[in-house]
Amino acid sequence: MIVLLLACGAPVVEVPDLDVSATVSDVNASGGVLTVTTVYRGEGVTLPDAPEVEGLTFSLVGDPRQEALGGRTVVTQTWRFSGKKGSYEITPLVVATPGGEEAKSSPLWVDMGVEAPKMGELGDIVEPGPVWSFPWGWLACGLGGLFGLLVAAVVAGRRATRPRARAAVKLPPDVRWLRAWELVRLNPTLTDEDRARELSRIFREYTEEVLGFPAVSWTTTEILDQLAGMIHLQQGNVPRAKRLLRATDLVKYAEVRPGEDFFDGLDGDLRAFVASTRPTTLQPPPGEVPVG
């Protein structure tokens, strides 16, 4: 589909020869994952070192992953970070070319095990002292409280005779992730680049949850190699995954502008992949051991 778009003269938006972006994921009370993506054109760049954030410790996960895409090189670095509960700011990460050109990522704010700080609260306001009067209000509140307790007791007695509501059941992964994609498709405020990023994320998170390998942090090449080695994966799913991942990569990194039916075709690939990889469809025959 992308080849047809390019052959028909779909315009390509020029992007900088050097760019870096950072995201955080899997954040909990003790840490999370920082992913840094560097896109550049040319022979090489100086990749960013681990951020220096007071209270956080960063450890690199494997070697940086590199692949060529749309005339540019994409390098992905992954760090795991840990620390005590609290709110932290990860300062911008810097990449530089041998010629001295630099690019910075946007700063990130991480809340580990605490709520985000509330902004704009008023303080240092001195209230005037109260003027004494007979506490009619307290008397009314007391009577109202007694009446409320009586009503609550009656209501509680009635509810005790009713059957308890069933606990909410978590939806299966195929239903949850297809609903998430449908919300993205119907959101008129998102750009094509936003939709491509969300489609790639939804596919990777569904694949990681159902097929059991870290598709969220792997590159497109690593994901396709893993799928190709799964002997119980239904035929046709590897080409679907390749079309979906390569197409969204071109929109995200090479900034190819998709046509009107671009996401319609990828929607079909996503739904076909999900329909054939539901957890009950990939059980191996008796006596066989799953591969991958």
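Residues numbered from 1 in each chain as written. Predicted model: local features only at pLDDT ≥ 70, side-chain atom pairs only at ≥ 80, totals over all residues. Heavy atoms only, no water.

Caption draft 1: Representation of the overall build of the protein within the structure. Each helix and strand counted, the protein has seven helices and nine strands in total. Here the protein, with 292 residues, has 34% of them falling under the buried criterion. In the protein, 65% of the contacts between residues at least 6 apart in sequence involve partners at least 24 apart. Carbon and sulfur atoms form 57% of the exposed surface of the protein, whose accessible area is close to 18600 Å². (Helix = DSSP H or I, 4+ residues; strand = E, 2+ residues; numbered from the N terminus. Buried < 20%, exposed > 50% of the residue type's maximum accessible area, 1.4 Å probe, protein only. Contact = heavy atoms within 4.5 Å. Areas by Shrake-Rupley, 256 points an atom, 1.4 Å probe, with all protein chains shown as cover.)

Caption draft 2: Examining the nonpolar core more closely. Formed by 29 residues in total, the largest nonpolar core has its most connected members in Leu 227 and Leu 270. With seven residues, the single largest contributor to this core is helix H4 (residues 192-211). Val 20, Phe 81, Ala 103 and Leu 108 belong to the second-largest nonpolar core, a separate cluster that totals 21 residues. (Core = buried A, V, L, I, M, F, W, Y, C linked by side-chain atoms within 4.5 Å.)

Caption draft 3: Region of the structure containing the layout of surface pockets. Size it by volume and the largest pocket reaches roughly 910 Å³. Along its surface, the largest pocket is lined by 33 residues, and Thr 23, Thr 35, Arg 204, Val 216 and Lys 252 are the ones closest to its centre. Those elements giving two or more residues to the lining of the largest pocket turn out to be strand E1 (18-25), strand E2 (31-40), strand E4 (65-69), strand E5 (72-83), H4 and helix H6 (237-254). Here the lining of the largest pocket gets seven residues from one element, more than from any other, and that element is H4. (1 Å grid on protein atoms, 1.4 Å probe; cavity = no way out; pocket = protein on both sides within 12 Å on 5 of 7 lines; lining within 4 Å. Points joined across faces, edges and corners; volume = space filled by probe spheres on them.)

Caption draft 4: Quick peek at H6. In this model, H6 (18 residues) spans 25 Å end to end at C-alpha, consistent with the 26 Å of a helix rising 1.5 Å per residue. Trailing H6 by a residue or two, Glu 255 shows a phi angle of about 55°, which is positive. (Expected span 1.5 Å × (residues − 1).)

Caption draft 5: Focus on the environment of Leu 47. Mapped onto the elements of the fold, Leu 47 is located in the loop between E2 and strand E3 (56-60). Along the backbone, Leu 47 and Val 95 are 48 residues apart, and their C-alpha atoms lie at a distance of 5.3 Å. Leu 47 has contacts with Thr 38, Pro 64, Val 75, Gln 77, Val 94 and Val 95, leaving out every residue within four places of it along the chain.

Caption draft 6: Structural detail: the side chain of Asp 174. Tracing the backbone through its elements, the reader meets Asp 174 in helix H3 (residues 173-185). Accessibility expressed as a relative area gives 8% for Asp 174, which makes it buried. A polar contact is formed between the side chain of Asp 174 and the side chain of Arg 278, at a distance of 2.6 Å. When near neighbours in sequence (up to four residues on either side) are disregarded, Asp 174 contacts Tyr 206, Val 274 and Arg 278. (Polar contact = N/O pair within 3.5 Å; in protein donor to acceptor, adjacent residues only side chain to side chain.)

Caption draft 7: Fine view of the packing of aromatic side chains. Scanning all chains against the criterion turns up five aromatic pairs. Relative to Phe 263, the ring of Trp 181 lies with its centre 6.3 Å away and its plane at 45°, an arrangement referred to as tilted. Here Trp 181 is found in helix H3, whereas its partner Phe 263 is found in helix H7 (residues 262-276), with 82 residues between them in sequence. By relative accessible area, Trp 181 is classed as buried at 0%. Through a chain of ring-to-ring contacts, the aromatic side chains of Phe 203, Tyr 206 and Phe 273 assemble into a single cluster. (Phe/Tyr/Trp six-rings, centres within 6.5 Å; stacked < 30°, edge-to-face > 60°.)

Caption draft 8: Main features of unusual backbone geometry. One non-glycine residue, Asp 26, adopts positive backbone phi at about 50°. For Asp 26, the location among the structural elements is in the loop between E1 and E2. Taking the relative accessible area as the measure of exposure, Asp 26 reaches 55% and is therefore exposed.

Caption draft 9: Representation of H3 in the model. In a regular helix each residue adds 1.5 Å, so 13 residues correspond to 18 Å; H3 covers 18 Å between its end C-alpha atoms and thus fits that length. Along H3, the residues that are buried comprise Pro 173, Asp 174, Trp 177, Leu 178, Trp 181 and Val 184. Down the axis of H3, the buried set is contained in an arc of 115°. They therefore lie on one face. Exposed residues on H3 whose side chains face more than 90 degrees from its buried face are Arg 179 and Leu 183. For H3, the elements touching its buried residues are H4 and H7. (Arc of directions from axis to C-beta.)

So, to be careful, I would describe these as geometric facts and stop short of saying anything about function.
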